[in-house]
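Architecture at a glance
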Amino acid sequence: MSDETRQKVIDAARQLGYRVNFLARSLQTSSSGLVGIVASRLDTPYRAAQVRAAAGELLANGFTPILVTTEGGEDQAGLVERLLNYSVSGMMITSGTPSSSIIEECAQLNVPVVLINRDASLDGADRVLIDIAAAGRMAFDMLRERGGQSFAVLQPRDRTFSVLGRAQAFSDNCRTAGHTVDVIEVEDQSYEAGLEAAEAYMATSKADAVFCTTDLLALGFLDGVRVRHGLTVPEQVQVLGFDDIPQAAWLSNDLSTVHQETEHAATEAVKLIVDRIADPARPHETRHITIRPVHRATTRKIPT
């Protein structure tokens, strides 16, 4: 078809209001080009950035993202079933851990599934996740190298794989190095939980270095110990977060943290979907998200 003829066809289609029905096309090709993203906690900066990066990477690779959200005790299996009804080309799951039966059903339908920071023991899916052992070790090293002598960690009761994993890895590194560690349990990963943790810390702990397992926890904890109790940070207590959300770098916070690369995670997740579509029988992979230390004002400077 010549360029002139093609343009005439396009102009005629626009005048008629014609649009390609990709769902109808999927009946012939068995692929809609849609990729489902299952996510929760979109009100948190890290998860919002994660979903935005994943959607952008999918669009750049010719896919159309379709987002379903799950909160509280919603039936994740039911949400996945809804996505499968649209003949999705793949699926990213960033919240909750799907059952083995869901993974098996997706495999039978040749729908690639990528788990992002989800349980690494589940077979049948590709994974993109932080190395939780390395994350816990990095957090400990960041506080110890800045003079930390006694340690505490905020450990949420909503036991998500990556957050609980890095909390436990941090505690293990403290004990292996011969240090005590106060485990302060908090309700969830929120700013409000961080405020409550500050009260528990003031009542029960003498730690001079505190690892808050998310930045939101750290920001709440900072406000609690500084504003409510008048402690100076980092002179009296060092505070370290995790994720490196934009608010961590705000001048009033200037929070030291572990940076978790959301763009890298999105790129790797889409690559895994593309590779799985091309070769459904290939061995399943686990790829690790890049992390790096970010020292700001809430950890001490190394003496020169």
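Treat the numbers as computed from the prediction; the structure is a model and nothing was measured.

Topic: the sheet that holds strand E9 (residues 238–240)
With respect to topology, four strands assemble into an open sheet ordered E7-E6-E8-E9, the strand pairing being parallel. The sheet is open, and its two borders are formed by strand E7 (181–186) and E9, each paired with just one other strand. Sheet twist, expressed as the average angle between the axes of neighbouring strands with direction ignored, equals 20 degrees. Examined bridge by bridge, strand E6 (residues 151–156) and strand E8 (residues 209–212) share four bridges and lie parallel to one another. Pairing of leucine 154 across the sheet is with cysteine 212, part of E8.

Section: the packing of helix H8 (residues 191–204) against helix H9 (residues 215–228)
At a closest axis distance of 6 Å, the pairing of H8 and H9 adopts a crossing angle of 50 degrees. Classed by the angle they form, the pair H8 and H9 counts as oblique. As for the relative orientation of H8 and H9, their crossing is right-handed in sense. Between H8 and H9, the residues in contact are Tyr191, Ala193, Gly194, Leu195, Ala197, Ala198, Glu199, Tyr201 and Met202 and Leu216, Leu217, Leu219, Gly220, Phe221, Asp223, Gly224, Val225 and Arg228, respectively. Taken together, the residues of the contact of H8 with H9 break down into 12 nonpolar, three polar and three charged.

Digging into helix H6 (residues 132–145)
Between the first and last C-alpha of H6 there are 20 Å, a value that for 14 residues agrees with the 20 Å anticipated at 1.5 Å per step. Every buried residue of H6 is listed here: Ala134, Ala135, Gly136, Met138, Ala139, Phe140, Met142 and Leu143. Tucked into the core, H6 has its buried residues touching E6, helix H7 (161–176), E8, E9, strand E10 (257–260) and strand E12 (291–294). At the N-terminal boundary of H6, the capping side chain belongs to aspartate 131, with an oxygen 3.2 Å from the backbone nitrogen of alanine 133. Glycine 147, located one to two residues past H6, shows a positive phi value of around 100 degrees.

Let's talk about the environment of glutamine 189
Positionally, glutamine 189 belongs in the loop between E7 and H8. On the basis of relative accessibility, which here comes to 15%, the residue glutamine 189 falls in the buried class. With 26 residues separating them in the primary sequence, glutamine 189 and aspartate 215 have C-alpha atoms 8.6 Å apart. Once residues lying within four places of it in the same chain are set aside, the contact partners of glutamine 189 are Arg41, Pro156, Asp158, Thr160, Val163, Thr214, Leu216 and Leu217. Within the structure, the side chain of glutamine 189 is placed 3.2 Å from the side chain of threonine 160, a separation counted as a polar contact.

Remarks on the pattern of salt bridges
All chains considered together, the criterion is met by 13 salt bridges. Aspartate 275 serves as the salt-bridge partner of arginine 287, at 3.5 Å between the closest nitrogen and oxygen. Taken together, the residues arginine 287 in strand E11 (residues 286–288) and aspartate 275 in helix H10 (residues 262–278) connect sequence positions 12 residues apart. A relative accessible area of 30% means that aspartate 275 is categorised as partly exposed. Taking the shortest distance from any N to any O, the salt bridge between arginine 287 and glutamate 285 comes out at 3.1 Å. When its relative accessible area of 25% is taken as the criterion, glutamate 285 is described as partly exposed. Bridged by salt links that share partners, the residues Glu268, Lys271, Asp275, Arg282, Glu285 and Arg287 form one connected network.

Here we look at the sheet that holds strand E1 (residues 34–39)
With parallel pairing, six strands are arranged side by side in an open sheet as E2-E1-E3-E4-E5-E11. Looking along the sheet, the strands with just one partner apiece sit at the ends: strand E2 (64–69) and E11. In this sheet, adjacent strand axes meet at a mean angle of 20 degrees when their direction is disregarded. Pairing geometry for strand E3 (residues 90–93) and strand E4 (residues 113–116), over three bridges, is parallel. Bridged to methionine 92 within E4 is valine 114.

Quick notes on H9
With 14 residues, H9 ought to run about 20 Å at 1.5 Å a step, and its terminal C-alpha atoms sit 19 Å apart, in line with that. Most of H9 is tucked away: 10 of the 14 residues are buried. Considered for burial, the residues of H9 that qualify are Asp215, Leu216, Leu217, Ala218, Leu219, Gly220, Phe221, Leu222, Gly224 and Val225. The positive-phi residue at the C-terminal boundary of H9 is glycine 230, with phi of around 75 degrees.

As for unusual backbone geometry
In the segment running from valine 233 into proline 234, the intervening peptide bond is cis, with an omega of 15 degrees. Position of proline 234 among the secondary structure elements: in the loop between H9 and E9. One non-glycine residue with positive phi stands out, namely serine 87, at about 50 degrees. Within the secondary structure layout, serine 87 lies in the loop between helix H4 (76–84) and E3. On the basis of relative accessibility, which here comes to 29%, the residue serine 87 falls in the partly exposed class.

Basis of the calculations
- Residues numbered from 1 in each chain as written.
- Predicted model: local features only at pLDDT ≥ 70, side-chain atom pairs only at ≥ 80, totals over all residues.
- Heavy atoms only, no water.
- Pairing = 2+ DSSP bridges.
- Helix = DSSP H or I, 4+ residues; strand = E, 2+ residues; numbered from the N terminus.
- Axes fitted to C-alpha atoms, helices over the stretch in contact; angles between N-to-C directions.
- Parallel < 35°, antiparallel > 145°, perpendicular 65-115°, else oblique.
- Left-handed = near helix turned anticlockwise from the far one by under 90°.
- Contact = heavy atoms within 4.5 Å.
- Nonpolar A, V, L, I, M, F, W, Y, C, P; charged D, E, K, R; others polar.
- Expected span 1.5 Å × (residues − 1).
- Buried < 20%, exposed > 50% of the residue type's maximum accessible area, 1.4 Å probe, protein only.
- Polar contact = N/O pair within 3.5 Å; in protein donor to acceptor, adjacent residues only side chain to side chain.
- Salt bridge = Lys/Arg side-chain N within 4 Å of Asp/Glu carboxyl O.

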